[in-house]
2 protein chains.
Amino acid sequence: MSIALFIQHRFSKRWKEYLSKLLPDTKIEIYPAIENDNSVEYAISWKHDMGVFDQFENLKVIASLGAGVHHILKDESIPESIEITRIVDEQLQKDMASFVLTQCFNSTRNIFQYQRQQVNKEWKLHTYKTPEETKVGILGMGVLGQATARLLNRNGFHVLGWSKSKKNIENVETFEENGLKQFLAKTNILVCLLPITKATIGIINQKLLSQLPKKSSFINVARGELVEDADLLKALDTNQLDWAVLDVFKEEPLPEHHLYWSHPKIVITPHSASLTNPKTASKQLAENYLRLKKGKKLNNVVDREKGY
Amino acid sequence: MSIALFIQHRFSKRWKEYLSKLLPDTKIEIYPAIENDNSVEYAISWKHDMGVFDQFENLKVIASLGAGVHHILKDESIPESIEITRIVDEQLQKDMASFVLTQCFNSTRNIFQYQRQQVNKEWKLHTYKTPEETKVGILGMGVLGQATARLLNRNGFHVLGWSKSKKNIENVETFEENGLKQFLAKTNILVCLLPITKATIGIINQKLLSQLPKKSSFINVARGELVEDADLLKALDTNQLDWAVLDVFKEEPLPEHHLYWSHPKIVITPHSASLTNPKTASKQLAENYLRLKKGKKLNNVVDREKGY
């Protein structure tokens, strides 16, 4: 029984080191240097090559290196019998929450506008809204959405939350699936933290954006596939949206020719809202491996139907 | 007995309206349209013209429109007998604190670096430090410094505070005047919130900056006079400093020819960290006027020796 890493250029050696410290008696290999395919029962994946798992007949678990599992679920060659897990790391939640908080303040305090003005040596003061005067609407109230809601709340923002099934969260005005229109009508800053599912791909489209109040802002920290790029650009160009802060894109790295790069009202960060911390994540990966070995129920197993 | 406003282009009519609502029976005039100089006992100033108060023989109080009073204290023609007051507004403190918090996160999360990269269509990920791994050192632990310390603390940052006399503040490692060296050696992000006094003009100089750890950041939200501009530029150019976020300058608006505008490691905001809110500030101004009228002790009187 052994572990194999399929994590592309994501610091394979460093991850192997962390895991080896926690599991000193376990064989841990980096694909494609696998000695015996049949001994691999636990795979760790980050954007693995489609179909790569076909040759591992005894594989039982594929563990995502991050919170997202879309890169695993889209590989249709993976048998139903294989369990898929993901990282649920409190630090990931904290980092995501503070990234969104920062971008909300950057939006209300005109920081990106001042950055643009600096290029033109322009000194021009703009009034600002306090957090208490600002409503942040979070699409997706899972673990990350809830952590973000709590931090925004603690810093004075009004928070609204929309999710498939209505959640009860202190100090957050929540909406369920068919309350989307009401949710959007109240939102000044829209934060996207949805998982990718059949129902959410392309959800950020013209229809949705047109239901926000004029001059809202948009922050996408989930996945690029959720956004209809042409619709987003149109919403910015018609002043329906004031700003878009985008951390995720359909194709990453974002291709050089993409219109997003040079759009004056788009702020780009390179999928950096929250980065998996090897120290904390490797503990979860190791614990699940030990659970597998003992025949125990795994932690943070993904529901393939739900997509998270 | 009347009130006169000497507040330049700071929305005089709006301020007069707010004050008139609170003091409906009081004559409130906007300089230079003053009917009877001798009836003016209460002046409200923002960057008034030096010597302008000479002609008001019965003037008893000059109230600053903001938290700062340097624009009043530097006018040597003002008699000692005139009391000077300032605005101490909880919202001003909150706005200052959240501005500093935002800039600390922008620094740790590489947001300005990503903004620079976007111009070059460069996708490059940088690791980041969590707030728990970051020490923010605040120079000046007055009302604004303490509010900022509390907010940074609540968001996970380690906070150090330096002030003339040592303060005891929960969760803040404080230093007194002669502990400056020890304070600087521990600081990753230096925040300047000092008042202008004889001892603090030019305090941000080569000697001070060289005592910070390499690649620190600097945030100035106090006054431009505290900084030796040439020394700051040198610290940035030698990588002693990683970033400087500057909200205040010796001359405002910052002149077009100033080197700060186009420096790749300087972020400029137009004195926008906290803007006096007419609603809340006018209440304080009105209350002090009523206290003056009744011969009561005024609130928020400035100690001219201390300079705040």
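Residues numbered from 1 in each chain as written. Chains lettered and ligands numbered in written order. Predicted model: local features only at pLDDT ≥ 70, side-chain atom pairs only at ≥ 80, totals over all residues. Heavy atoms only, no water.

Visitor: An account of the overall build of chain A is needed here, citing residue identities and associated values.
Guide: Helix and strand counts for chain A come out as 9 helices and 12 strands. Whereas a compact globule of 308 residues would reach a radius of gyration of roughly 19 Å, chain A reaches 21 Å, a difference of no more than 12%. The principal-axis extent of the C-alpha atoms belonging to chain A is close to 65 × 45 × 30 Å. Within chain A, residue pairs in contact and separated by at least 24 positions form 61% of the contacts whose partners lie at least 6 positions apart. Split by element, the accessible area of chain A, about 14,200 Å² in all, is 48% carbon and sulfur. (Helix = DSSP H or I, 4+ residues; strand = E, 2+ residues; numbered from the N terminus. Rg over C-alpha atoms; globule rule 2.2 N^0.38 Å. Contact = heavy atoms within 4.5 Å. Areas by Shrake-Rupley, 256 points an atom, 1.4 Å probe, with all protein chains shown as cover.)

Visitor: I'd like a description of the side chain of E29 of chain A, backed by residues and values.
Guide: Residue and element names in this part refer to chain A. With respect to the helices, strands and loops of the structure, E29 is situated in strand β2 (residues 27-30). In this structure, E29 is buried with no salt-bridge partner, the nearest side chain bearing the opposite charge being K27 at 4.1 Å. At 2.9 Å, the side chain of E29 and the backbone nitrogen of E35 are in polar contact. Ignoring anything within four residues of it in the chain, the contact list for E29 reads S2, I3, A4, L5, I34 and E35. (Buried < 20%, exposed > 50% of the residue type's maximum accessible area, 1.4 Å probe, protein only. Lys, Arg positive; Asp, Glu negative; His and termini not counted. Salt bridge = Lys/Arg side-chain N within 4 Å of Asp/Glu carboxyl O. Polar contact = N/O pair within 3.5 Å; in protein donor to acceptor, adjacent residues only side chain to side chain.)

Visitor: Describe the sheet that holds strand β3 (residues 40-45) of chain A, listing the residues and the values that go with them.
Guide: Backbone-to-backbone hydrogen bonds join strands into a sheet, with any given pair of strands oriented parallel or antiparallel. Residues and elements named next belong to chain A. Spatially, 5 strands are ordered β2-β1-β3-β4-β5 in an open sheet, and the strand pairing comes out parallel. Edge positions in the sheet fall to β2 and β5 (83-85), since each has one partner strand and no second. On average, each strand axis in the sheet is inclined to that of its neighbour by 20°, with strand direction left out of account. The sheet contact formed by strand β4 (residues 61-64) and β5 spans 3 bridges and is parallel. Residue pairing across strands places I62 opposite I84, the latter belonging to β5. (Pairing = 2+ DSSP bridges. Axes fitted to C-alpha atoms, helices over the stretch in contact; angles between N-to-C directions.)

Visitor: Describe in detail the sheet that holds strand β10 (residues 216-220) of chain A, supporting the description with residues and values.
Guide: All names here are of chain A. The sheet built from 7 strands is open, its strands ordered β8-β7-β6-β9-β10-β11-β12 with parallel pairing. The open sheet is flanked by β8 (172-175) and β12 (266-268), the only strands paired with a single partner. Sheet twist, expressed as the mean angle between neighbouring strand axes with direction ignored, is 15°. One ladder, built from 5 bridges, connects strand β6 (residues 135-139) with strand β7 (residues 158-162); its direction is parallel. What sits directly across from G137, in β7, is L160. Lying on the sheet, helix α8 (residues 229-237) is in contact with β10, β11 (241-246) and β12; it crosses β11 at an angle near 140°.

Visitor: Explain the relation of the copies chain A and chain B to me, and be specific about the residues and the numbers.
Guide: The two copies are related by a screw operation: chain A maps onto chain B through 180° of rotation and 0.0 Å of translation along the axis, at an RMSD of 0.0 Å. A rotation of that kind, with that shift, is consistent with a two-fold axis. In terms of C-alpha distance to the rotation axis, chain A has T102 of chain A as its closest residue, with the C-alpha 2.7 Å off the axis. (Least-squares fit on C-alpha atoms with pLDDT ≥ 70 in both.)

Visitor: Talk me through the environment of F183 of chain A; I want residue IDs and the actual numbers.
Guide: All names here are of chain A. Mapped onto the elements of the fold, F183 is located in helix α6 (residues 180-186). Distance in space between the C-alpha atoms of F183 and H71 is 30 Å, their sequence separation being 112 residues. Not counting the four nearest positions on each side in its chain, F183 is found in contact with G137, I138, L139, L160, G161, W162, F175 and L190.

Visitor: Describe in detail the confidence of the model for chain A, supporting the description with residues and values.
Guide: Overall, the prediction assigns chain A a mean pLDDT of 95, with 99% of residues at 70 or greater. Of the two predicted TM-score estimates for the complex, the pTM is 0.85 and the ipTM is 0.85. (pLDDT = per-residue confidence, 0-100.)

Visitor: How would you explain the interface of chain A and chain B if you had to name every residue and give the values?
Guide: Each partner contributes residues to the interface: chain A has 46 residues there, and chain B has 46 residues. Of the roughly 4,100 Å² buried where chain A meets chain B, counting both sides, 61% is carbon and sulfur surface. Together, Q118, W123 and W261 of chain A form the three largest contributors to the area buried by chain A at its contact with chain B, with a combined 20%. Counting every contact that joins chain A to chain B gives 2 salt bridges. Along the contact surface separating chain A from chain B lie 20 residue pairs in polar contact (both at pLDDT 80 or more). The element contributing the most residues to the side of chain A that touches chain B is helix α3 (residues 90-108) of chain A, with 10 residues. For the side of chain A that touches chain B, the class distribution of residues is 21 nonpolar, 15 polar and 10 charged. (Buried area = accessible area lost by both parts, 1.4 Å probe. Nonpolar A, V, L, I, M, F, W, Y, C, P; charged D, E, K, R; others polar.)

Visitor: Give a description of helix α3 (residues 90-108) of chain B that names residues and reports values.
Guide: All names here are of chain B. With 19 residues, α3 extends 27 Å from end C-alpha to end C-alpha; this agrees with the ideal 27 Å at 1.5 Å per step. With 17 of 19 residues buried, α3 is to be regarded as a mostly interior element. Where α3 begins, the capping side chain belongs to D89, and its oxygen is found 2.8 Å from the backbone nitrogen of Q91. (Expected span 1.5 Å × (residues − 1).)

Visitor: Before we move on, can you summarise the pairing of strand β7 (residues 158-162) of chain B with the specific residues and values?
Guide: Residues and elements named next belong to chain B. Counting buried positions over the 5 residues of β7 gives 4, a clear majority of the element. Considered for its hand, the β-α-β crossover made up of strand β6 (residues 135-139), helix α5 (residues 143-154) and β7 is right-handed. Pairing between β7 and strand β8 (residues 172-175): 4 bridges, direction parallel. Opposite V159, over in β8, you have V172 as the bridge partner. (Right-handed = clockwise from strand over helix to strand, strands pointing away.)

Visitor: Can you explain the packing of aromatic side chains? Please cite residues and give values.
Guide: For the structure on display, the rule yields 20 aromatic pairs over all chains. With a centroid separation of 5.5 Å and an interplanar angle of 85°, the aromatic rings of F6 of chain A and F56 of chain A are classed as edge-to-face. Here F6 of chain A, found in strand β1 (residues 2-6), pairs with F56 of chain A, found in the loop between β3 and β4; they are 50 residues apart in sequence, far enough to count as distant. In this pair, the class of F6 of chain A matches that of F56 of chain A, namely buried. Plain terms: the ring middles of F249 of chain A and W123 of chain B are 5.6 Å apart, the flat faces sit at 75° to each other, and that makes the pair edge-to-face. Placement of F249 of chain A in the loop between β11 and β12 and of W123 of chain B in the loop between α4 (111-119) and β6 is noted, with the two residues assigned to different chains. A residue is classified by how much of its surface remains accessible, and F249 of chain A, at 5% relative accessible area, is buried. Clustering of aromatic rings is evident, with ring pairs tying together F6, Y31, F53 and F56 of chain A. (Phe/Tyr/Trp six-rings, centres within 6.5 Å; stacked < 30°, edge-to-face > 60°.)

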